[in-house]
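If you want the building blocks of each chain, they are given just below.
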Amino acid sequence: MKDFLAISDCSVPELQELLAESSSLKAFYKSGGRDLCLAGKTLAMLFEKPSLRTRLSFQVAMTDLGGSPIYVKPEDIGGIGKREPVKDIARVLNRYVQGIMARTFEHQTVLDLAQYADIPVINALTDWSHPCQAMADVLTIQEHFSHIAGIKIAFIGDGNNVARSLAFAAGKLNMKLCVASPSGYELDEETIRSANALTPGCTSQVRDPYEVVVDADVIYTDTWVSMGQENEKAKRQKDFAGYAVDGKLVAAAPRHVKIMHCLPAYRGYEITDEVAESPGSIIFDQAENRLHFQRALLKKLMTPDPQSLLSC
Ligand code: CP
Ligand code: NVA
């Protein structure tokens, strides 16, 4: 595993190993332990979009492991792929640092970085997917339910990058994802087909949010207006009417249901403040687990392979 670009690229044992390592590093760091396995290593963090959780959790995780993160705003380098081609950025960074993480608009940008850099490249969110988020979400589900297999997630709203990564996580780890969206905002057919090819029936798409929450273990939602879609805001807010996760929708779900949101949450739109702050809400556990997953991911990708050390 050189890169982490999409959950669909990873094998089930790799994903399970990352989850196990996240849990064990979480316990280790909480008990005061420190693992400086990335001492002397540097991670370049390229961002075309804003970020609180992803940027800070990677920065803290890298520092925790003894390494150094460098945050690069697009304007610092004249735009990704604008002042110079992405393939040149990749080959230059290859000579300076030991890992790249990037948050971009086009998914192709992270694919190009990975193709032209020999060092690991991590997808920190693209318009197409958000795999680090989905893995932190799975870790959170595992902690709250003590298992992953068979958990049903009712995803209410936009069939977006987060929903897509959750679909691949469902396919790989035997969960169920049922997305309820208004017309025109569904999860794409190709994603549904690919996820269901991994585990038949794991991902489905319906119109009615009440239909999917009735037997849900988790109700998940995300913004109706993803980064880069700001000029569609008024239309989207109108089109998503009736898709808010509110007290009435939660009341239609089983009593044990947990509420998840990748954050940032736009209260009063996709989720009410009452639901976000309710006892069933585990949104800050999810946010915390971004750090614990990021640590495990950086350790796995940026620590030299023991086999290659032996062969030196
Ligand atoms: N959930 C998430 O990726 O948050 P940020 O946009 O703040 O990184
Ligand atoms: N779907 C959202 C996720 C933010 C973490 C976006 O892409 O803006």
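Each chain has its residues counted from 1, running along the sequence as written. For naming, the first written chain is A and the first written ligand is 1, with later ones following in the order written. Owing to the predicted nature of the model, reporting of local features is limited to residues with pLDDT of at least 70; listing and counting of side-chain atom pairs is limited to 80 or more, with chain, interface and lining totals taken over all residues. In computing side-chain properties, one takes all heavy atoms of the structure into account and sets aside hydrogens as well as water.

Visitor: It is not clear to me how the overall build of the chain should be interpreted in this structure. Could you clarify?
Guide: Put simply, DSSP marks the helices as runs of H or I at least four residues long and the strands as runs of E at least two long, and each gets a number from the N terminus on. The helix and strand tally for the chain stands at 13 helices and nine strands. Each radius of gyration is computed over the set of C-alpha atoms, and the globule rule expresses the reference value as 2.2 Å times the number of residues to the power 0.38. In terms of overall size, the chain behaves like a compact globule, its C-alpha atoms giving a radius of gyration of 19 Å where 312 residues would be expected to give roughly 20 Å. Expressed as lengths along the three principal axes of its C-alpha atoms, the size of the chain is roughly 60 × 45 × 35 Å. Exposure categories follow from relative accessible area, calculated using a 1.4 Å probe and restricted to protein chains: below 20% of the type maximum is buried, above 50% is exposed, and the middle band is partly exposed. Buried residues in the chain amount to 54% of all 312 residues.

Visitor: Explain the site of ligand 1 here, please?
Guide: In the vicinity of ligand 1, the contacting residues are Ser51, Leu52, Arg53, Thr54, Arg103, His130, Gln133, Cys262, Leu263 and Arg290. A distance of 2.6 Å separates an oxygen atom of ligand 1 from a polar backbone atom of leucine 52. Arginine 103 places a polar side-chain atom, nitrogen or oxygen, 2.8 Å from an oxygen atom of ligand 1. In the complex, the protein chains occlude 96% of the 250 Å² of accessible area that ligand 1 would expose alone. Looking at the shell around ligand 1, its residues break down into three nonpolar, four polar and three charged. Here a residue is considered near a molecule or strand provided that any single heavy atom belonging to it is located within 4 Å of it. Any pair of nitrogen or oxygen atoms within 3.5 Å is treated as a polar contact; in protein, a donor-acceptor pairing is required on top of that, and neighbouring residues in sequence qualify only through side-chain atoms on both sides. Accessible areas in this description were obtained via Shrake-Rupley with a 1.4 Å probe; residue shielding takes into account the shown protein chains only. Think of it as three bins: nonpolar holds Ala, Val, Leu, Ile, Met, Phe, Trp, Tyr, Cys and Pro, charged holds Asp, Glu, Lys and Arg, and polar takes everything else, Gly as well.

Visitor: Explanation requested: the pairing of strand β1 (residues 42-47) in the structure shown.
Guide: Within a regular strand, the side chains alternate between the two sheet faces. A large share of β1 lies buried, amounting to six of its six residues. Taking every second residue as pointing to the same face, both faces of β1 are buried, with Thr42, Ala44 and Leu46 on one and Leu43, Met45 and Phe47 on the other. Strand pairing is assigned whenever DSSP detects at least two bridges linking the two strands. In this sheet, strand β2 (residues 68-72) lies alongside β1 in parallel orientation, the contact comprising five bridges. Paired with methionine 45 across the two strands is tyrosine 71, which belongs to β2. The handedness of a crossover follows from its direction of travel: if, with the strands pointing away from the viewer, the path from the first strand over the helix to the second runs clockwise, the crossover is right-handed. With helix α2 (residues 53-64) bridging β1 and its parallel neighbour β2, the resulting β-α-β unit is right-handed. Relative to strand β3 (residues 99-103), β1 is paired through five bridges, and the arrangement is parallel. Bridging across to β3, alanine 44 finds its partner in isoleucine 100.

Visitor: Help me understand the environment of cysteine 178, please; the structure alone is not making it clear to me.
Guide: Counting through the fold element by element, cysteine 178 comes out in strand β6 (residues 176-180). In this structure the C-alpha to C-alpha distance between cysteine 178 and glutamine 205, which are 27 residues apart in sequence, comes to 5.7 Å. Residues count as neighbours in contact if any of their non-hydrogen atoms are within 4.5 Å of one another. Leave out the neighbours within four places in its chain, and cysteine 178 touches Lys152, Ile153, Ala154, Phe155, Ser204, Val206 and Val212.

Visitor: Got a minute to help me understand helix α7 (residues 189-198) in this structure?
Guide: Each full turn of the α-helix corresponds to 3.6 residues, which orients residues three or four apart in the same direction. For α7, the full list of buried residues reads Thr191, Ile192 and Ala195. Buried residues of α7, seen end-on, are gathered within an arc of 100° and therefore sit on one face of the element. Every exposed residue of α7 that faces more than 90 degrees away from the buried side is listed here: Glu189, Arg193 and Ala197. Our arc is simply the arc of the directions from the helix axis toward the C-beta atoms.

Visitor: How do you make sense of the environment of glycine 66 when you look at a structure like this?
Guide: In this structure, glycine 66 sits in the loop between α2 and β2. By relative accessible area, glycine 66 is classed as partly exposed at 29%. With 26 residues separating them in the primary sequence, glycine 66 and glycine 40 have C-alpha atoms 7.2 Å apart. Among residues more than four places away in sequence, those in contact with glycine 66 are Leu36, Leu38, Ala39 and Gly40.

Visitor: Would you take a moment to explain the sheet that holds β3 for this structure?
Guide: Two pairing modes exist for strands in a sheet, parallel and antiparallel, and in both the strands are linked by backbone hydrogen bonds. Sheet architecture is open: four strands sit in the order β2-β1-β3-β4, paired in parallel fashion. The open sheet terminates on both sides in strands that have one partner only, identified here as β2 and β4 (121-123). Each strand axis lies, on average, 20° off the axis of its neighbour in the sheet, ignoring direction. Helix axes use the C-alpha atoms of the stretch in contact, all axes being lines fitted to C-alpha atoms, and the angles between their N-to-C directions lie in the range 0 to 180 degrees. Against the sheet, α2 contacts β1, β2, β3 and β4, and its axis sits at roughly 175° relative to β1.

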